[in-house]
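Observations on chain architecture
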Amino acid sequence: MKPAVIISTYPDKKSVTRVANKMVKERIAACVNVTKISSIYSWQGKIENANEFLAIFKTSQKNKARLKKEIKNTHPYKVPEIAEINVIDINKPYLAWLGNSTL
């Protein structure tokens, strides 16, 4: 089993909590870390300064396509960030837990 980590940002705590709970409940993700962040970005010709929530979804390689699709389908943003982080190394007990916690 190989791990996958997918990140996305959300506009508010309610939307990220709803999606994170859905993914864990349906065993698409084993865990979702959520933290408040400040983002500075260009959008429609303006520089934006916004408070957002960063979600770090932990899943398996076999679930990552489904996870990305679910994030896209449930995301409140018109252009959501859905980025995969390449996991080079992970400790074996955590990997075993991740595998047992996902479909």
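Provided above is the structure to which this section pertains.
Quick notes on the rules
- Residues numbered from 1 in each chain as written.
- Predicted model: local features only at pLDDT ≥ 70, side-chain atom pairs only at ≥ 80, totals over all residues.
- Heavy atoms only, no water.
- Buried < 20%, exposed > 50% of the residue type's maximum accessible area, 1.4 Å probe, protein only.
- Helix = DSSP H or I, 4+ residues; strand = E, 2+ residues; numbered from the N terminus.
- Arc of directions from axis to C-beta.
- Contact = heavy atoms within 4.5 Å.

Buried residues of helix 2 (residues 64–74): Leu-67, Glu-70, Ile-71 and Thr-74, and no others. In a view along the axis of helix 2, the buried residues occupy a sector of 100°, so they form one face of it. Residues Ala-65, Lys-69, Lys-72 and Asn-73 are exposed on helix 2 and point more than 90 degrees away from its buried face.

Right, let's get into the environment of Met-1. Within the secondary structure, Met-1 sits in the segment before strand 1 (3–10). Sequence-distant contacts of Met-1, that is, excluding residues within four places in its chain, are made with Ser-60, Leu-95, Leu-98 and Gly-99.

Once that is clear, we can look at the environment of Lys-69. Tracing the backbone shows Lys-69 in helix 2. Spatially, the C-alpha atom of Lys-69 lies 9.5 Å from that of Ile-82, the residues being 13 residues apart in sequence.

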